[in-house]
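Listed here are the chains, written in short residue letters.
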Amino acid sequence: MNVDDIILISVDDHLIEPPDLFVNHLPAKYLDRAPKLVRNEAGNDVWVFGDLALETAALNAVAGRPKEEYGMEPQSLDEVRPGCYDVHERVKDMNAGGVLASLNFPSFPTFTARTFLSEDRDLSLALVKAYNDWHIDEWCGAYPGRFIPQAVPVIWDVEQTAAEVRRCAAKGCHSLSFTENPAALGYPSFHSDYWDPLWKACCDTGTVVSIHLGSSGKLSVPAVDSPPDVMITLQPMNIQSAAADLLWSRVLKAFPDLRIALSEGGNGWIPYFLDRVDRTYETHRAWTQQDFGGKLPSEVFRERFLTCFINDPVGIQLREQIGIDNIAWEADYPHSDSLWPGAPEALMATFEANNVPDEHINKITYENAMRWYSFDPFAHVPKEEAT
């Protein structure tokens, strides 16, 4: 395959919400109390909602910058690429980077929209619905076939979250951004039946539970004085923990149609992980009482979990041990790990180095994403124009 023939669908990108986010979708009675983007005395743009003030760290929006300018200081929209917050500019950047379609995670609401929680629960629910309507109707709706819609949950109310999944699915949205560890946020764990209405709604609507690393609000940092390199290196460990917690939980057994995406977790670690879970099962199932219905845990993982990578040579080399139907690609635009705009060239070099056949390349770069997320870009963009 020639690099110019690669079709790329990214299952993990990010956006920075624009100032007019709520204008067209929040009931007028709530507009004066909605979160607002204001510029503080330091010149930084800050989302303010009640007593909450949330800044944007530079590592979250450095696409196009030289690496020497990376850092963690907050900044304004004036200092980031317009493609971070303007959908028209985003599509231009996607075109420049050879990306056909993209699934976008939120920024200031957090992955679980918990920043919308307030004493007025009606307002909080209205904010979640307004955000989802903006994302589906305005951001994704502006360019049909170019974005995979994704909803945020009403994380503090499982019944309302289930209802929102069904509402958004009726609008063509089949991904829900969710936490890697609800217990870390003060909610019942994956081992509780509390979340059952949500899992049922996801099964009924074919909605993928997309779990992004860091969505528990915690990352693996051994010590307060550990250098930032430690935190960055250990980020995939959060996803390993979530995968193990869910794989061994009652959830997958009680809801056999539930599908989970491990977003921004990489995939080079998965062959060892699968070997480890199978060995644990064979060694300890007699006393832990685990039962996967005659299957190995690794088999269940391959049926139920989607993994993704930016450019992981080890994962590509071991792709068949992971499961070729379980691997998707991510751009991670506009974050610092992103290869934009040179991802096609970097990916092709990795594919060629590992003798990846065209059939595998197509599954990894776009076919798996289409299948998992019930997404058909070719209904809007001719396939011959999608590279």
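Since the model is a prediction, treat every value here as computed from it, not as a measurement. (Residues numbered from 1 in each chain as written. Predicted model: local features only at pLDDT ≥ 70, side-chain atom pairs only at ≥ 80, totals over all residues. Heavy atoms only, no water.)

1. A look at helix α8 (residues 297–304)
Since the α-helix turns once every 3.6 residues, residues separated by three or four places project in the same direction. Listed as buried for α8 are Pro 297, Ser 298, Val 300, Phe 301 and Arg 304. When α8 is viewed along its axis, its buried side chains cluster within an angular range of 160° and face the same direction. Turning to α8, the residues buried within the fold contact α5 (228–247), α6 (251–254), β9 (260–263), α7 (270–288), β10 (305–309) and α12 (358–372). (Buried < 20%, exposed > 50% of the residue type's maximum accessible area, 1.4 Å probe, protein only. Helix = DSSP H or I, 4+ residues; strand = E, 2+ residues; numbered from the N terminus. Arc of directions from axis to C-beta. Contact = heavy atoms within 4.5 Å.)

2. Quick notes on the state of the cysteines
Summed over all chains, the structure comprises 0 disulfides. Here Cys 202 stays unpaired: no disulfide links it, and the sulfur of Cys 203, its closest cysteine neighbor, is 7.0 Å away. Classification of Cys 202 as buried rests on a relative accessible area of 1%. No disulfide involves Cys 308; its nearest neighbouring cysteine sulfur is the one of Cys 173, lying 17 Å away. (Disulfide = S-S within 2.5 Å.)

3. Notes on the packing of helix α3 (residues 158–169) against helix α4 (residues 196–205)
The relative placement of two packed helices is expressed as an angle between their axes plus a distance between the axes. Their axes nearest at 8 Å, the elements α3 and α4 cross at an angle of 10°. By the angle class used here, α3 and α4 are roughly parallel. Between α3 and α4, the contacting residues are Val 158, Glu 159, Thr 161, Ala 162, Val 165, Arg 166 and Ala 169 on the first element and Pro 197, Leu 198, Lys 200, Ala 201, Cys 202, Asp 204 and Thr 205 on the second. When the residues that make up the contact of α3 with α4 are grouped by side-chain class, the tally is 8 nonpolar, 2 polar and 4 charged. (Axes fitted to C-alpha atoms, helices over the stretch in contact; angles between N-to-C directions. Parallel < 35°, antiparallel > 145°, perpendicular 65-115°, else oblique. Nonpolar A, V, L, I, M, F, W, Y, C, P; charged D, E, K, R; others polar.)

4. Considerations on the environment of Pro 35
Summarising the element assignment, Pro 35 is placed in the loop between β1 (9–14) and β2 (36–39). Considering only alpha carbons, one finds Pro 35 and Leu 21, 14 residues apart in sequence, at a separation of 9.2 Å. Beyond its immediate stretch of four places on either side in the chain, Pro 35 contacts Phe 22, Trp 47, Val 48, Phe 49, Phe 108, Phe 116 and Leu 127.

5. What to know about the nonpolar core
Phe 22 and Trp 199 are the most contacted members of the largest nonpolar core, which totals 86 residues. When residues no more than four places from it in sequence are discounted, the contact partners of Phe 22 are Leu 31, Ala 34, Pro 35, Trp 47, Phe 108, Phe 116, Leu 127, Ala 130 and Tyr 131. If you look at the next biggest cluster of nonpolar residues, it comprises 22 residues, including Ile 7, Phe 111, Ala 328 and Met 370. (Core = buried A, V, L, I, M, F, W, Y, C linked by side-chain atoms within 4.5 Å.)

6. Observations concerning a negative patch on the surface
On the surface, a cluster of negative charge is made up of Asp 4, Asp 5, Glu 345 and Asp 358. A residue is classified by how much of its surface remains accessible, and Asp 4, at 56% relative accessible area, is exposed. (Patch = residues over 30% accessible without salt bridge, like charges linked within 9 Å, V, L, I, M, F, W, Y side chains within 5 Å. Areas by Shrake-Rupley, 256 points an atom, 1.4 Å probe, with all protein chains shown as cover. Salt bridge = Lys/Arg side-chain N within 4 Å of Asp/Glu carboxyl O. Lys, Arg positive; Asp, Glu negative; His and termini not counted. Charge placed at Lys NZ, Arg CZ, Asp CG, Glu CD.)

7. Concerning the sheet that holds strand β6 (residues 147–148)
Spatially, β1-β5-β6 is the arrangement adopted by the 3 strands of the open sheet, whose pairing is parallel. Unpaired on one side and paired on the other, β1 and β6 mark the two borders of the sheet. Sheet analysis places strand β5 (residues 101–105) next to β6, joined by 2 bridges and oriented parallel. By the bridge assignment for β6, Leu 103 is matched with Ile 148. (Pairing = 2+ DSSP bridges.)

8. Some thoughts on unusual backbone geometry
With an omega of 0°, the peptide bond running from Tyr 333 to Pro 334 counts as cis. In this fold, Pro 334 is placed in the loop between β11 (327–329) and α11 (343–353). The residue after Trp 340, namely Pro 341, is reached through a cis peptide bond having omega 0°. Tracing the backbone shows Pro 341 in the loop between β11 and α11. We note that Ala 113 has phi near 60°; this positive angle belongs to a residue other than glycine. With respect to the helices and strands, the residue Ala 113 is situated in the loop between β5 and α2 (121–140). Ala 113 sits in the buried class, given a relative accessible area of 0%. In this structure, Ser 374 takes a positive phi of about 50° despite not being glycine.

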